[in-house]
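Listed here are the chains, written in short residue letters.
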Amino acid sequence: MEQHHFDIVNHATPRLESMDKALGRGKYTDDLELPNMAYAALVRCPYSHAKVLSIDVSEAEKVPGYLGCALPEEAPQAYFNCSGTPPSPLLMADEKVLTTEPLTIGDRVAVVAAETEEAARAAAEAVKVEYENLAPILDVKAALADNAPAMQPHLSDTNVVQRREVSQGDIAVGEEKSDIILEAHFVTPPMQHTMIELTCCICDFSDGEHMTIYSCSQTVFQERRILAELFGLKEVDVHIIKPLVGAGFGARQQLHAQHAAALISRKIKRPVKLLYSREEDFYSVVRHASDVDLRIGADKNGKLQLFDTTFRLNAGPYTTHTPTVVAAAARKLQYNVPNYSFIGLSVFTNHVTGGAFRGYGNTQLTFGREILMDRLAQKLDMDPVEFRLMNHVQVGECFPCASIPVSSNGIEDCARRCQQIQKEIDEKEPLIDDENIRQAWGISFSCHGSGPSSKEGLSGAVVMLNADASVHLLVGSADIGQGSETMESQIAAECLGIPLASVQITAADTSLTPYNTGTFGSSQTFICGNAVKLACDDLKKKMVEQLKVIYDGCTVKEKDHRYYISGSEELELSFEDAARKILFDPKGSVPIGAGTYKALACPNPFSVCFVKAEYHKKLNAIRLMDIIEVVDVGTPINRLTVAGQLEGGIAQGVGYALYERMEINPRSRRTLSTDFLHYRIPQMGDMPRTYVDMVNSHDPYGPHGAKSVGELATVPVAPAIVNAVRRASGIEINSLPL
């Protein structure tokens, strides 16, 4: 493979904001205050399904500092979809700002305001709501029963909000050509995002005409659009600013409480802050629980002939992202399978609402797929790595039902590097198999996309030149803790040939920065990064054109970040010299580079994960020893950030596999998982030894050859753990958590 040299990208670079965060100087939404700001709290339904019979605010009015309460009849009555993605026929409108017909625990019934946060919460608790408690339907099987009542009758007379069918070839032919067909039913649980930062927004809609919002958001421009539509405003009159964000993982890819805060701000004519409790965060949105039937068939030589799945996701009672999550899952099969059938069902229940979560459907389907692939390899007496590699899509080939060929593929290099690390581990600590303990390795392959798989990603970027050759970069992308602002600055510095310290970036402010689809779909490095590169190329082009005006009659060329003037004068200018000349010469100008990138492709990054687990025979217990993950992400823009994404993704995968789930009280039918005492996530002491690496790769579509990494990192971990545990224990496992 051709080697590419870089000065700024493909290096381990500390994040721009890291010192501010480490020293406590960084400002998150809850750290901000506006003049004359009040506080708001939501009155939420405590039941999974109910009907509001009456609301009495008389006791709330007695709370010292009480300022007002907005009721359902005062809120916009239009249905909306809170999903922070561009408008789509898949995203049905079925939610209201405040409701008298709660369909899940935590549904918003009213919003109160007071002088302090404590008074607002006390007033919210003092609001007396009389409910008719209705029987909830919490799982997909019950929701699909013939006699199940429809959750959203204005959308569907059943609880299937959307059915998606994708196929190629002929399943009957696949069955005929398969010498072995394995099938199984797989179940994965709902999972909480568990961001460190609590969800928070500050809204000033006090004049009822201009709305300013500070919020922990992944999708500021989509939220601006939804809020403008809800309140009958022009988008220019809705200003959303994203401060520092303490993680998102998809939970902030939607409106959370901005609309309710706007409603009460308008009523009391003051700006308000609305901060969730940890319990509110827990029942606001989760990863979809899945219920999957899957068949995979292969001939006696190990070539796949059949992939047939029915993929059901538990949406909760609102559409939100569910149909697009199902659609995304249909596009992630990285193996050559001539006969492919995918039936996806988005199913309404009264469970906590399912939304965007790192992996976006890929995690759920890859879980069952990689377990069956491992079982197939064993039945065929084939090495699990070689079996996967011989069936893997190569450069120039398409995924099943895809139209754009794979543009780069380092999957074999990933597998070989994993095997190398595995060998080094086993040489130091050979596998144990005695009367008490048996150890084994399990593997999993995965892929993802760079940007939404629908190729709807769109981003703009502007770069403004200063006289000292520093630049101001404006982008609409939201850095939610993944380091996108640092990587976008690195791309600009590499393109212009200037130090990283010479790039100042402003991001995710709807009144200052250009449009960006949003931080989702692992899109920022690829989508926004390409826009940044195009903006920098445009700036260099405009600098060349202006130098031609200044040096009339001369030829001007840019090469390796230097500007060569030839003709009546022979000069060689550095980028800094050229900047000063352009800005201060009598014939000078103010060059501004602008770039827009609309996704032409969605290059697939690839990952291979190896897990070493041990099974304690007498205790029927497991322990994870080592996890290896090696990825092809094209050119890693920031190797330190990519490594951090991999380590974080592995930790999230460990939690998903071992113990994370939203538990429901079987008697009250309400969630028990309301805090970190009742919902366990991995702690440092729970993590096995972890090894991460990146292979040499370069994608022709990516900025400086880059692809994505954010969601990819967590996808293969759970099935690799299950495969290791199965090989160590001999127990077939089809559901999580273990």
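These numbers come from a predicted model, not from an experiment.

J.: Just to check I follow, could you spell out the sheet that holds strand 25 (residues 689-694) for this structure?
T.: Whether parallel or antiparallel, the strands of a sheet pair through hydrogen bonds between backbone atoms. An order of 15-23-24-25 is seen for the four strands of this open sheet, with the pairing classed as mixed. Looking along the sheet, the strands with just one partner apiece sit at the ends: strand 15 (437-447) and strand 25. The sheet shows a mean angle of 15 degrees between the axes of neighbouring strands, taken without regard to direction. Where strand 23 (residues 606-616) lies against strand 24 (residues 621-632), 11 bridges are found, and the strand directions are antiparallel.

J.: Hey, could you run me through the packing of helix 12 (residues 484-496) against helix 13 (residues 524-550) in this one?
T.: To characterise two packed helices, one gives the angle between the axes of the helices and the distance between these axes. Taken N-terminus to C-terminus, the directions of helix 12 and helix 13 make an angle of 30 degrees; their axes are 9 Å apart at the nearest point. The orientation of helix 12 relative to helix 13 falls into the category roughly parallel. When the axes of helix 12 and helix 13 are compared, the crossing they make is right-handed. In this structure, helix 12 uses Ser 484, Met 487, Glu 488, Ile 491, Ala 492, Cys 495 and Leu 496 to contact helix 13, whose residues at the interface are Gln 524, Thr 525, Cys 528, Gly 529, Val 532, Lys 533, Cys 536, Asp 537, Leu 539 and Lys 540. In terms of residue class, the contact of helix 12 with helix 13 is built from nine nonpolar, four polar and four charged.

J.: It is not clear to me how the nonpolar core should be interpreted in this structure. Could you clarify?
T.: Across soluble globular proteins, nonpolar side chains have a tendency to be buried as a group. Counting residues in each nonpolar core, the largest one holds 88 residues, and the members touching the most others are Val 111, Met 211, Leu 274, Val 532 and Leu 547. By residue number, the principal contributor to this core is helix 13, which donates 12 residues. Once you skip the residues sitting within four places of it in the chain, Val 532 turns out to touch Ala 461, Leu 473, Val 475, Glu 488, Ile 491 and Ala 492.

J.: Help me out: how do you make sense of the pairing of strand 23 in this one?
T.: Look at any regular strand and the pattern is simple: side chains alternate between the two faces of the sheet. Within strand 23, 10 of the 11 residues are buried, which leaves the element mostly enclosed by the surrounding structure. Across 11 bridges, the pairing between strand 15 and strand 23 is antiparallel. Counterpart to Phe 445 in the pairing with strand 23 is Val 608. The antiparallel pairing of strand 23 with strand 24 creates a hairpin that spans four residues between the two strands, and Asn 620 there sits at a positive phi of about 50 degrees.

J.: It is not clear to me how the pattern of salt bridges should be interpreted in this structure. Could you clarify?
T.: Once their charged atoms are close, side chains differing in charge can pair, the charge on each being opposite to the other. Going through the model one piece at a time under the given rule, you end up with 42 salt bridges. Salt-bridge contacts for Lys 267 lead to Glu 74; the nearest nitrogen and oxygen are separated by 2.8 Å. Of this pair, Lys 267 sits in helix 6 (residues 258-268) while Glu 74 sits in the loop between strand 3 (66-70) and strand 4 (108-114), and the two are 193 residues apart along the sequence. Measuring nitrogen to oxygen at the nearest pair gives 3.8 Å for the salt bridge that ties Glu 663 to Arg 661. What makes Arg 661 partly exposed here is its relative accessible area of 41%. One continuous salt-bridge network, built from bridges that share partners, spans Arg 369, Glu 370, Asp 374, Arg 375, Arg 388, Arg 726, Arg 727 and Glu 732.

J.: Before we go on, may I ask you to explain the side chain of Ser 470 in this structure?
T.: Positionally, Ser 470 belongs in the loop between strand 16 (458-465) and strand 17 (471-475). With residues near it in sequence (within four places) discarded, Ser 470 still touches Met 464, Leu 465 and Ser 502.

J.: It is not clear to me how the state of the cysteines should be interpreted in this structure. Could you clarify?
T.: Two cysteines whose sulfur atoms are joined by a covalent bond form what is called a disulfide. Counted by the stated rule, this structure contains zero disulfides. Cys 200 takes part in no disulfide bond, and the closest cysteine sulfur to it belongs to Cys 201, at a distance of 6.4 Å. Judged by its relative accessible area of 1%, Cys 200 is buried.

J.: Looking at this structure, how should I read the pairing of strand 17?
T.: Of all five residues in strand 17, five are buried; the element is thus mostly enclosed. The alternating pattern of strand 17 places Val 471, Leu 473 and Val 475 and His 472 and Leu 474 on opposite faces, both of which are buried. Looking at chain direction, strand 16 and strand 17 are connected through five bridges and run antiparallel. Considered in strand 17, the bridge of Ala 461 is made with Val 475.

J.: Explanation requested: helix 15 (residues 639-658) in the structure shown.
T.: Residues spaced three or four apart along an α-helix point in a common direction, a consequence of the helix completing one turn every 3.6 residues. For helix 15, built from 20 residues, the straight-helix expectation of 28 Å at 1.5 Å per residue is met to within 8% by its first-to-last C-alpha distance of 29 Å. Helix 15 sits mainly inside the fold: 14 of its 20 residues count as buried. N-cap assignment for helix 15: the residue whose side-chain oxygen lies 3.1 Å from the backbone N of Leu 640 is Asn 638.

J.: Where do I start with the side chain of Thr 320 in this structure?
T.: Within the secondary structure, Thr 320 sits in the loop between strand 13 (304-316) and helix 8 (322-329). A distance of 2.8 Å separates a polar atom in the side chain of Thr 320 from the backbone oxygen of Gly 354.

J.: Is there a simple way to explain the sheet that holds strand 19 (residues 555-559) in this structure?
T.: Strand order across the open sheet formed by three strands is 19-20-21, with antiparallel pairing between neighbours. For this open sheet the edge positions go to strand 19 and strand 21 (571-573), each flanked by a neighbour on one side alone. The mean angle between the axes of side-by-side strands here comes to 20 degrees, regardless of whether they run parallel or antiparallel. Relative to strand 20 (residues 562-566), strand 19 is paired through five bridges, and the arrangement is antiparallel. The residue of strand 20 that forms the bridge with Lys 559 is Arg 562. Its contacts with the sheet put helix 13 on strand 19, strand 20 and strand 21, and the angle it makes with strand 19 is roughly 155 degrees.

The rules we used
- The residue numbers shown here count from 1 along each chain, following its written sequence.
- Only residues with pLDDT of 70 or above have their local features reported here, since the model is predicted, and side-chain atom pairs are shown and tallied only from 80 upward, although totals for entire chains, interfaces and linings are computed over all residues.
- Working from all heavy atoms in the structure, the side-chain values ignore hydrogens and water.
- Strand pairing is defined by DSSP finding a minimum of two bridges between the two strands.
- Counting from the N terminus, the helices are DSSP H or I runs at least four residues long and the strands are E runs at least two residues long.
- All axes here are fitted lines through C-alpha atoms, helices being fitted over the stretch that makes contact, and every angle between N-to-C directions spans 0 to 180 degrees.
- Roughly parallel means an angle under 35 degrees; roughly antiparallel means over 145; roughly perpendicular covers 65 to 115; every other angle is labelled oblique.
- Helix crossings get a hand from a simple test, with the near helix turned counterclockwise from the far one by less than a right angle marking a left-handed crossing and a clockwise turn marking a right-handed one.
- Residues count as neighbours in contact if any of their non-hydrogen atoms are within 4.5 Å of one another.
- Under the convention adopted here, Pro, Cys and the residues Ala, Val, Leu, Ile, Met, Phe, Trp and Tyr are nonpolar, Asp, Glu, Lys and Arg are charged, and Gly plus all remaining residues are polar.
- Residues belong to a common nonpolar core when they are buried Ala, Val, Leu, Ile, Met, Phe, Trp, Tyr or Cys residues joined through side-chain atoms within 4.5 Å.
- Under the scheme applied here, a residue whose accessible area is under 20% of the maximum for its type counts as buried, over 50% as exposed, and between as partly exposed, the area being computed with a 1.4 Å probe on protein chains only.
- When a carboxyl oxygen of Asp or Glu lies within 4 Å of a side-chain nitrogen of Lys or Arg, that pair is called a salt bridge.
- In what follows, a disulfide is any cysteine sulfur pair within 2.5 Å.
- Between the first and last residue of a helix there are one fewer steps than residues, each counted as 1.5 Å, and that sum is the expected span.
- Nitrogen and oxygen atoms within 3.5 Å of one another constitute a polar contact, given that in protein one can donate a hydrogen and the other can accept it, and given that sequence-neighbouring residues count only through two side-chain atoms.

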